[in-house]
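Examining the three-dimensional arrangement
For reference, the chains in residue letters:
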Amino acid sequence: MQLNSIPLPSALPDRDYIIDHIDDSRIRPDNFKGYGIFPGSRIKLLFNSPSRNPSAYEIMGAVIALRREDSMNIYVFPAAADH
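Residues numbered from 1 in each chain as written. Predicted model: local features only at pLDDT ≥ 70, side-chain atom pairs only at ≥ 80, totals over all residues. Heavy atoms only, no water.

Digging into the sheet that holds strand β4 (residues 55–59)
Overall, antiparallel pairing links the six strands, which are arranged β1-β6-β2-β3-β4-β5 in an open sheet. Of all the strands in the sheet, just β1 (6–7) and β5 (62–66) have a single pairing partner and so form its edges. Across five bridges, the pairing between β4 and β5 is antiparallel. Residue S55 lies in a different strand from β5, and its bridge partner there is L66. (Pairing = 2+ DSSP bridges. Helix = DSSP H or I, 4+ residues; strand = E, 2+ residues; numbered from the N terminus.)

Right under this line is the structure:
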């Protein structure tokens, strides 16, 4: 677990992040694996809806929408600039 990991909704748009961990006390991480959401995956916030719920993310070349209550349980850290 990275010390500088943040909840996914705190990510800045158009920057790459790596998924650090998923808080499994509130959701089942297996529910996200089919979407490519698991530790080590790259994810990027594309844009927020006007209410910031849901938000659009790019992961593994696909665009998906995640509800804020789900994305609050996904923790990420900034990807290295050279990747």
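Next comes the rest of the write-up.
Some points on the pattern of salt bridges
Close approach of charged atoms allows side chains of opposite charge to pair. Under the counting rule described, the total for this entry stands at four salt bridges. A salt bridge links E69 to R67; the shortest N-O distance between them is 3.5 Å. Among the residues examined, E69 registers a relative accessible area of 43% and is labelled partly exposed. According to the relative accessible area criterion, R67 is partly exposed, its value standing at 46%. A salt bridge links R67 to D70, with the nearest nitrogen and oxygen atoms 2.9 Å apart. Overall, D70 belongs to the buried group, its relative accessible area being 15%. Among the charged side chains, a network of salt bridges with common partners joins D16, R42 and K44. (Salt bridge = Lys/Arg side-chain N within 4 Å of Asp/Glu carboxyl O. Buried < 20%, exposed > 50% of the residue type's maximum accessible area, 1.4 Å probe, protein only.)

Comments concerning unusual backbone geometry
A negative phi holds for most residues other than glycine; trans holds for most peptide bonds. Look at the link from N53 to P54: it is a cis peptide, with omega at 10°. Phi is positive for M60, which is not a glycine, with a value near 55°. By the secondary structure assignment, M60 is in the loop between β4 and β5.

Some points on the environment of P78
As for its placement among the helices and strands, P78 is situated in strand β6 (residues 74–78). Measuring from C-alpha to C-alpha, the distance between P78 and G36 comes to 17 Å, with 42 residues separating the pair along the chain. When residues no more than four places from it in sequence are discounted, the contact partners of P78 are N4, D16 and Y17. (Contact = heavy atoms within 4.5 Å.)

Looking at the confidence of the model for the chain
When pLDDT drops low, the exact placement of atoms in the prediction is not to be read closely. Per-residue confidence for the chain gives a mean pLDDT of 89; residues scoring 70 or more make up 93%. Confidence, read as mean pLDDT per element, is least for helix α1 (residues 30–33) in the chain (80) and greatest for β4 (97). (pLDDT = per-residue confidence, 0-100.)

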